[in-house]
Structure formats: structure tokens, C-alpha cells
Amino acid sequence: MASSAHRNGGVPRGALKAQHSGSNVRQSSFKSRLPPSSSPGSAVRRSSPASLGGYGGGSFKDQNGVPGRVRVAIRLRPRNAEEMSADADFADCVELQPELKRLKLRKNNWDADTYEFDEVLTEYASQKRVYEVVAKPVVESVLDGYNGTVMAYGQTGTGKTFTLGRLGDEDTADRGIMVRSMEDILAIVSPDTDFITVSYLQLYMEYIQDLLDPSNDNIPIVEDPKTGDVSLPGATLVEINDQQSFLELLRIGEAHRIAANTKLNTESSRSHAVLMVHVKRSVTEGEDSPSIENGSSSHFIKPSRPLVRKSKLVIVDLAGSERIHKSGSEGHMLEEAKSINLSLSALGKCINALAENSSHVPVRDSKLTRLLRDSFGGTARTSLVVTIGPSPRHRGETTSTILFGQRAMKVENMLKIKEEFDYKSLSRKLEIQVDKLVAENERLQKDFEDEVEKLNLEAQNRISEVERNFADALEKERLKCQMEYMESIKELEEKMVSNQHKHNRDGFFDDKHVEEGLGLSVEEASEIKRQLKDEISRRKALEEDVNNLKSRLAHCLQPRENGGGEILRLHKDLEDEVCEKKKLEEEVIMLRSQLLQMTLDSDQPRYLDRGAYRDSFNGLNSLTSQDQNPHYRSNGNRQKASAATLSEQVGLQKILSLLESDDANVRIHAVKVVANLAAEEVNQERIVEAGGLTSLLMLLRRYEDETVRRVAAGAIANLAMNEANQELIMVQGGISLLSMTAANAEDPQTLRMVAGAIANLCGNDKLQQKLRTEGGIRALLGTVRCGHPDVLSQVARGIANFAKCESRLATQGIRTGRSFLIEDGALPWIVHNANDEAAPIRRHIELALCHLAQHEVNAKDMVSGGALWELVRISRDCSREDIRNLARKTLNSSQTFRAELRRLRVEY
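Residues numbered from 1 in each chain as written. Predicted model: local features only at pLDDT ≥ 70, side-chain atom pairs only at ≥ 80, totals over all residues. Heavy atoms only, no water.

Peer 1: Looking at this structure, how should I read the overall build of the protein?
Peer 2: When its secondary structure is counted, the protein shows 31 helices and 19 strands. Look at the contacts in the protein between residues 6 or more apart in sequence, and 72% of them connect residues 24 or more apart. Accessible surface, the protein: about 44600 Å² in total, of which carbon and sulfur atoms supply 50%. (Helix = DSSP H or I, 4+ residues; strand = E, 2+ residues; numbered from the N terminus. Contact = heavy atoms within 4.5 Å. Areas by Shrake-Rupley, 256 points an atom, 1.4 Å probe, with all protein chains shown as cover.)

Peer 1: Please clarify how the pattern of salt bridges should be interpreted in this entry.
Peer 2: Any two side chains of opposite charge can pair if their charged atoms end up close together. By the definition in use, this model includes 35 salt bridges. In this structure, Asp169 engages Arg251 in a salt bridge whose closest nitrogen and oxygen atoms are separated by 2.9 Å. Here Asp169, found in the loop between α3 (160-165) and α4 (177-188), pairs with Arg251, found in helix α5 (residues 243-256); they are 82 residues apart in sequence, far enough to count as distant. Taking relative accessible area as the criterion, Arg251 reaches 28% and is therefore assigned partly exposed. With a shortest N-O distance of 3.1 Å, Arg709 and Glu706 are connected by a salt bridge. You can see Arg709 and its partner Glu706 sitting in helix α18 (residues 706-719), three residues apart, about one turn around the helix. Residues participating in the shared-partner salt-bridge network are Glu223, Arg364, Arg370 and Arg373. (Salt bridge = Lys/Arg side-chain N within 4 Å of Asp/Glu carboxyl O. Buried < 20%, exposed > 50% of the residue type's maximum accessible area, 1.4 Å probe, protein only.)

Peer 1: Mind showing me how you'd approach the nonpolar core here?
Peer 2: The tendency in soluble globular proteins is for nonpolar side chains to be buried side by side. Counting 92 residues, the largest nonpolar core has Leu696, Leu699, Leu761, Ile799 and Leu849 as its most contacted members. Sequence-distant contacts of Leu696, defined by excluding residues within four places in its chain, comprise Val671, Val674, Ala712, Ala715, Ile716 and Leu719. Among the nonpolar cores identified, the runner-up in size contains 44 residues, and Leu96, Phe117, Val230 and Phe376 belong to it. (Core = buried A, V, L, I, M, F, W, Y, C linked by side-chain atoms within 4.5 Å.)

Peer 1: Got a minute to help me understand a negative patch on the surface in this structure?
Peer 2: On the surface, Glu484, Glu487, Glu491, Glu493 and Glu494 cluster together into a negatively charged patch. With respect to the helices and strands, Glu494 occurs in helix α10 (residues 423-506). (Patch = residues over 30% accessible without salt bridge, like charges linked within 9 Å, V, L, I, M, F, W, Y side chains within 5 Å. Lys, Arg positive; Asp, Glu negative; His and termini not counted. Charge placed at Lys NZ, Arg CZ, Asp CG, Glu CD.)

Peer 1: Teacher, can you tell me more about the environment of Leu342 here?
Peer 2: With respect to the helices and strands, Leu342 occurs in helix α7 (residues 332-355). Separated by 137 residues in sequence, Leu342 and Met205 place their C-alpha atoms 9.9 Å apart.

Peer 1: Hey, could you run me through the confidence of the model for the protein in this one?
Peer 2: Low pLDDT means the predicted coordinates in that region are not meant to be read closely. Considering every residue of the protein, the mean pLDDT works out to 77; 76% of them sit at 70 or more. Mean pLDDT values for the elements of the protein range from 32 in strand β1 (residues 32-33) up to 95 in strand β3 (residues 71-76). Here residues 288-302 scores under 50 on pLDDT; set against residues more than four positions off or in separate chains, the count is 23 contacts. (pLDDT = per-residue confidence, 0-100.)

Peer 1: Would you take a moment to explain the environment of Ala859 for this structure?
Peer 2: Looking at where Ala859 falls in the secondary structure, it is placed in helix α28 (residues 859-864). Between the C-alpha atoms of Ala859 and Gln895, which are 36 residues apart in sequence, the distance is 8.9 Å. Here Ala859 is in contact with Ser894, Thr896 and Phe897, once residues within four sequence places are set aside.

Peer 1: When you look at the sheet that holds strand β5 (residues 102-106) in this model, what are you seeing that I'm missing?
Peer 2: Think of a sheet as strands paired side by side through backbone hydrogen bonds, with each pair either parallel or antiparallel. Reading across from one edge, β4-β5-β6 is the order of the three strands in this open sheet, with antiparallel pairing throughout. Here the strands that pair on one side only, and so sit at the sheet edges, are β4 (94-97) and β6 (112-116). In this sheet, neighbouring strand axes are inclined to one another by 20 degrees on average, regardless of whether the strands run parallel or antiparallel. Note that β5 and β6 share five bridges and pair antiparallel. Each bridged residue has a counterpart across the sheet, and for Lys104 the counterpart in β6 is Thr114. Against the sheet, helix α9 (residues 395-408) contacts β4, β5 and β6, and its axis sits at roughly 150 degrees relative to β5. (Pairing = 2+ DSSP bridges. Axes fitted to C-alpha atoms, helices over the stretch in contact; angles between N-to-C directions.)

Peer 1: What is the right way to read the pairing of β3 from this model?
Peer 2: Sheet faces and side chains relate simply in a regular strand, where the side chains alternate between the two faces. Of all six residues in β3, six are buried; the element is thus mostly enclosed. Bridge analysis of β3 against strand β18 (residues 381-388) gives six bridges, and the strand direction is parallel. Paired with Ile74 across the strands is Val386, a residue of β18. Two strands pair when backbone bridges link them, and β3 and strand β7 (residues 119-121) are joined in this way by three bridges, in the parallel orientation. Across the sheet, residue Ala73 finds its bridge partner in β7, namely Glu119.

Peer 1: How should I be thinking about the environment of Pro137 in this particular structure?
Peer 2: Its location among the elements puts Pro137 in helix α2 (residues 127-143). The exposure class of Pro137 is buried, given its relative accessible area of 1%.

Peer 1: Is there a simple way to explain helix α31 (residues 895-904) in this structure?
Peer 2: Residues separated by three or four positions in an α-helix point in the same direction, a consequence of the helix having 3.6 residues per turn. If you check which residues of α31 are buried, you get Phe897, Glu900 and Leu901. Down the axis of α31, the sector holding all buried residues measures 100 degrees, keeping them to one side. Pointing more than 90 degrees away from the buried face of α31 are the exposed residues Gln895, Arg902 and Arg903. Here the buried face of α31 lies against α27 (839-853), α28, α29 (867-877) and α30 (881-893). Once α31 finishes, Arg905 follows within two positions and takes phi at roughly 55 degrees, a positive value. (Arc of directions from axis to C-beta.)

Peer 1: Please clarify how the packing of aromatic side chains should be interpreted in this entry.
Peer 2: Aromatic ring pairs are reported here in terms of the distance separating the ring centres and the angle at which the planes meet. Taken as a whole and assessed by the stated rule, the structure comprises two aromatic pairs. Seen from their ring centres, Tyr153 and Phe404 are 3.8 Å apart, and the 15 degrees between their planes marks the pair as stacked. On the criterion of sequence distance, the pair formed by Tyr153 in strand β8 (residues 148-154) and Phe404 in helix α9 is long-range, its members being 251 residues apart. Using a relative accessible area of 8% as the deciding quantity, one classes Tyr153 as buried. Centre to centre, the rings of Phe802 and Phe820 are 6.5 Å apart; their planes meet at 50 degrees, and the pair counts as tilted. One end of the pair, Phe802, is in helix α24 (residues 789-811); the other, Phe820, is in helix α25 (residues 820-823), with 18 residues separating them in the sequence. Residues Phe802 and Phe820 agree in their burial class; the two are buried. Here the basic side chain of Arg815 rests over the ring of Phe820, its NZ or CZ set 3.9 Å away from the ring centre. (Phe/Tyr/Trp six-rings, centres within 6.5 Å; stacked < 30°, edge-to-face > 60°. Lys NZ or Arg CZ within 6 Å of the ring centre and 35° of its normal.)

Peer 1: Looking at this structure, I do not really get the packing of α27 against α30. What am I missing?
Peer 2: The description of two packed helices rests on the angle between their axes and on the distance between the axes. Taken N-terminus to C-terminus, the directions of α27 and α30 make an angle of 25 degrees; their axes are 9 Å apart at the nearest point. The orientation of α27 with respect to α30, classified from their angle, is roughly parallel. In the crossing of α27 with α30, the sense of the turn from one axis to the other is left-handed. Contact with α27, carried on its side by Arg843, Glu846, Leu847, Cys850 and Ala853, involves Ile883, Leu886, Ala887 and Thr890 of α30 and no other residues of that element. Partitioned by chemical class, the residues of the contact of α27 with α30 number six nonpolar, one polar and two charged. (Parallel < 35°, antiparallel > 145°, perpendicular 65-115°, else oblique. Left-handed = near helix turned anticlockwise from the far one by under 90°. Nonpolar A, V, L, I, M, F, W, Y, C, P; charged D, E, K, R; others polar.)

Peer 1: How do you make sense of helix α15 (residues 664-678) when you look at a structure like this?
Peer 2: Counted at 1.5 Å a residue, the expected span for α15 with its 15 residues is 21 Å, and the 21 Å between its end C-alpha atoms agrees. Counting buried residues in α15 gives 13 out of 15 residues, a clear majority hidden from the surface. (Expected span 1.5 Å × (residues − 1).)

Below, the structure is given as C-alpha cells:
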């Protein structure tokens, strides 16, 4: 029985190594290609044009000018020990001409067939040479973002597993394509931004089994109906960070792979092994990327944007084809051989169909062809290595293998790069930028507060010092003036006494006569004179003291005036810093709002239109599916959570203050945040208490910007879900503003928000009269002019709410007379849309008609307006049993309706 020459651990050392360095082995020079984070020492060079098909380097167009053709290389196995003894007297059946990339298959000693391949590898070709011409260009394409496939096909025992899966434990030169491919991939990718995951499978007896988890022995194949991509959701995916972990993974897989001893190979693979390497790389838009259109690299200068390239490398070690009479398979091995031959036959049929451009390719005949759907005729770059043996005893199998490779060379693939915008990376960058700005703002704010505190302290110290100096100087001057005053008084008293004595001596007579003429005594006259002199002296002294104090006070006030100028300058600097702080806070809020808008898929805020679902307003719980949509609910919750986070970080009062900002962008982002906060009941009371409702109404009154009006109306609609807020909206003139907005707006979304707000107000019994008086019903009906289904749905909901409240008030005896809806001309529109195709509109209007018909005062108008026929239709055809029963009850209870139906001879 022949021994296997190409199984791991069963091949003589150096069996396929080159015996001489000068024959047919081309030297390659590769352009260095380094990832941003890799070191120069770990670079893997690009392959030269001598590689398979000439699509190495930066070119993605083959030598024949056809992009994406399947490349085929043929490799000859050297004779093993059995063939050397059994075929010693016979020449090899093949003759290789590697310099011409040609192979001759001898029929006899004088006749041979010639075949050409993309590369012809002799029995002396090294494993490195095989990898460089067969697999390296595919690996480079995978790193550029394309899918790639490397596959080995041939008769059992011809070296497929040796070529692909050799681990090189005994001799590193024997490493196969799997090991060398991972070495190049790990050398190129960045461990910080790129990810590599590997799955290892086998296709055994048409069952896909996980070689890394043997218990997972029936993995299904899932195909994307849109793109046709094939995936295996049940396969084990292992993240690879280093070469050693990858080698351990291969050892585990090889230990679980099924093999058997046959006459042709002691370790014959009984299954097809498939190694899938998933590569996810982060790149920046604008980097050089290969072009597959003109055969050369194209360089585009684009704005830098983060991109993610997702590619897949598939390495397939096919089980060898065998003939039963030669392999000697029996029993279960015979069934295995049949399964292998059937799957290979299905693969051959698919390649024949693709080579002949057939309209039908039987891809679904085998799981093998389904797995390789992208490799042949798909979007992957595919290289096929065909292995043959030299023995003339197997000329038939060799011929079949060569013809398979020839047909595979005719298959063309359409290569497509797979990259997508990296939203997560951009979001992380924006978050980092926001964090930096917040930290910088906090740092500047802290420095600003410290500086202001320092300036205030210095100013207070200066003022205190000036006041203290002024008080000391004033006290000194006061004491000095007091001392001078006392001295002056003393001097005056002395002069007065001396003058008095002199006067007594000289003018005694005269005084005496004067005193006698006035009738005064001497003592009285002396006392009056003394008092007069005292008053005169005191007046002069006080005038001098006052003048001195005024001059000194002016002198003392001069430093204080200088200090006051310093204080004014400090106050001005303080005001400038406050303005700068306000600008920084607005910038931070703008950045947070922009980050909030990018994490969501829609630019429009979601509004929780619960006015249509609350029993407390209208009882139409089952007439809408918006809240039942998980996608809508998850998006809305995520957006509300982001708005709540922004509110906690910035503060509700600050956000409301930005509604009056002069910057339009700041105003728009602020009103969007308020609208999303208003969608939660827990926030509505805080918004109203903080003046948010007044601010939103002010936006409708002052601004004509469509976005501001649309979002403000949506926020008001959210607040209008609360009964207490409804009365506040009416008190503050909200219905007039909403009516004005409805009359001026043309955008369907703005009209939908306005109609939703009015519809919520229509569900309040207390506001019926005022709502009608201020034109709310006419404004609601006016929004139907745009014809948008969402607007019509809100109008129908509002009419149903209003009709239900009227019916309830009439039943309680509070409301009498015709319906306001009929008086305002709503009945023709109701009848016209009663059988609308949209289920929400139809259900709301059907319910409104039933409520209007419950009161006899409306019956004549409804008969003349054609509503009776719609009631009959509702009683017969309505899909909802409760509305259908209500319509029947209404028809039976109304005398007007019964008389008209009898007159028309209509049965209901």
C-alpha cells in the first residue's frame, strides 16, 4: 500500500524543498508596506510582477487585461519511495517547462499534449516560492479590503495538505500557505485598531463541522438574499493576536480532522478543510487604495473620514479525488469516497458553467459549491494551485486534474472592495474632543474664578487701605483743627480781657452815658458786649475751620477717586470674563448637541404621540401601531436618554435660556433637546415650571424659521398630553399661535406637529367651547390641504377626540345643540375620508361618525351630508367589532335614521 508523501508529520524532511538555487526560482523584490503603528522591522514586502498572474505589487489587473480572472498554478510532486521502485523503468508522464509556464502530458514516447498555466512549479519549488506566486497577492488584496480565496485541488496523495496546511514544526522552511498567510497579515495589521478572527471547518459527508468545537457538527449555511454573501452563524470565531495562538488553533483543527489509510495515501483526508480568516481594518478615507479599473493605483484627495474595511481570506484544502479500484476503499470509507467525488463533481460542473458563460450555474448541488460561491464567479480574488503526481500509472487522474485547472482559468470574478463608514470611530473622536473641551472649559473657568477672586481680594484690600488712610488722615486733621481752635479761643479770650481792661479805663465815661441812655445797668451792658464778641470770634473761627476742612477733604478724596477708577476697570474686566464664559458654555452645548444628533439615525426628534392612545383623552388605544414598533421605540428611548443626559450635565434652565440665543444653530439645537425632554412625563412638569412652555410659544410667535417652528410645535404637542398643561396652553394663547402656524406652514412635518398638538387639546372636555371659539377646529381642518397621510391621521385623531368629548358632554346634559364639528364644516371631509385606505385614518373617522350619530340633533345633517350610508357600511364591514356594534346601536336608537332607512328600503 502506498505511503502518503504530503501529510503533516508524514513527509520526509526536505521532500519538496528546492535542490538547487539557480533553476526556475525567481528572486522577488517587494515594496515596503507598513501600517501606521508597525515598526520597520515587522514590514512585509509586496510581491514582484513575477508572482502568479502578475497582479502583485500595487496592480490589480492581470497580464491578459481581464480584471479578476481566477489564477491557476500547477505543482508537481516528486516521486515517493513506492513510485521509485514500481516505476523505475518508466519515465514520468509529465514534462514541465517553467520558463514558458507550460506543461506537456505524454501520451506515449512520441506524442504529448501541451497546456499553459499562470505558473508552473517543479518538484523542486520551495514552500516560500509557492506561497509568493500563489497566495501572497491574494493576501495583499485581502489587506486592501477585498475577499480572497486560495484553494488546492488534485488527486489524493499529490501534496495538497502539504502545500496549504504544513505547520513547519520540524523545519520552518516547510511552512505552508496557511501559516505564511497569517504571518504576513499579523505583520501588516495594527493591534490597536484592527481585528482578526479565524474559524476552521471541515465539510464531511455533506455536513459542515467545526474543527475547533467537534460537538458542533451540523452548521447551517446562511445566504444574504440581497448581496448573496455566505455566512456560517454557528461556527466558532477565535480572535488572533499572535502567530503562536494561530499555530495552536491549527494543531487543534488538524487533530479533529478526519483521515484514513488507503492504498494511495496512509493519511488520506476524508473531508474538505476550510480556514476562514476575517480581517477588519480601520483606515482613513483619502489613503491610497488600489484600483481595479485601469490596472494602476489611483490617488484621490478626499476629506479625511474614518472607514472600516471588512475582508475575508478563505483557504480550502480539498479532499483528493480517488478511484475506488485504486484506493481500495470499502464500507464506510467507500461512502466517504462517494461523498468526496460527488462534491468535487459538483464543483467541476459549476466551473464548467462559469467557463462557458452558461445562464444556469448549479451552485446548490453541493454545500461545497455554496461555500465557494464567492470564490468562482463572485467578488473574491481567487488563486488555485493544482497538484499532480509524476507516475504514469495515474495518467488518467492527472489528465482530469489538468483539465480542471484549464477550465478554472476561464472563470472571471468581479472584484469589489468592502468598506463602510466608521461611525463608532468618529463618535469616539467627537466624545474625546468634547471631553477635552469640557476639561479645558472647567480649567479656564477655575482659572477665571481664581483670577476674579484674586482681583476682588486685591480691590477690597486697596479700598480698605484707602478708607483706612482717609479715616486716619481725617482724624488727624480733626484733632489738629480742634487744637488750633482751642488755642485760637484762648488767645482771643486773652486779647478780649486785655482790651476790656483798657476799654474800662479809657471809655468809662462814654460807656456809662451809653448805658444810662439805654437804661441798662453796667453788668448787663458788659454781658451783652462779651456775648457779641464771643459770637463774632466764633463765627470767624468756624468759617476758617470749615474752609480748612473743605480743602483737606478734597485733598483726601483725590486718592479715593483714583481707587474708584481702578475698581471700575476691574468691574469691566469681570464683565468681559463673564461674556467669554457664556460663549464657551454655548460652544460646549453646541458640541454636545451635535454628538447627540450623530448617535441617531434621524435628524428629526421623535415625539411620543400618546394623545391617541390615552384612555383619559380619547380611548383609542388600539388604533395606532407607532408605539408597538420596537425599532421606533428603541430609537426614541435612546434619543430621550441622550437628551436627559445633556439636560443633567448642562441644566434645564441653561437649555431654556438658549432658546432666546441670537445664534440660529444654538436656538435650533436647544429647542430639539427641549422637545425630546418633553416626550417624557417626568420632565414635563419641570419644563413648564421653568418657563419652557412660555419660551416655546414665544418661538412660534417670533421666529419664521421652519425648523424652529416644527420642533417647537412638536414640543408643545408633547406637553399637551398632560391635562394641566392643556389649560396653560389655552390660557397663554397657544391655540391662536398654533392656528397661525398652521395657516403659514407648508412643510408636512410642521403641519403634522401642529395637528398633533391641536388633536391632543381636542381630548379635553373643559376646552371644547374655547377651542372652537379661538378657531382650533378650523385650523385643524386647514392642515389637510397638504394631503400627507401623517397629517391626515392626526386630523382624524383630533376629530375623533372632539366628537367623543361632545358625546360625553351631551350625555351628561352639559352640552346641547348641533355639534361644533358640523357647524364648522367638518362633516363633508369626515364623509369623504370615512373609507380611506389608511387604517388609522379610517378607524378614527368611523369612531367619530358613531359618536356624532348618537345624538338626534345631528341626524338630519348627517342624512343630508351622506353620513348615513357610511354608518350602514360601518355596521356591516368594519373590521373592529366594537365600532361595528356601536354603529348598529346608533342606527337602531335614532328615529330619523330608522325612518330614512325604511323610506329607502335598506336593511341593516
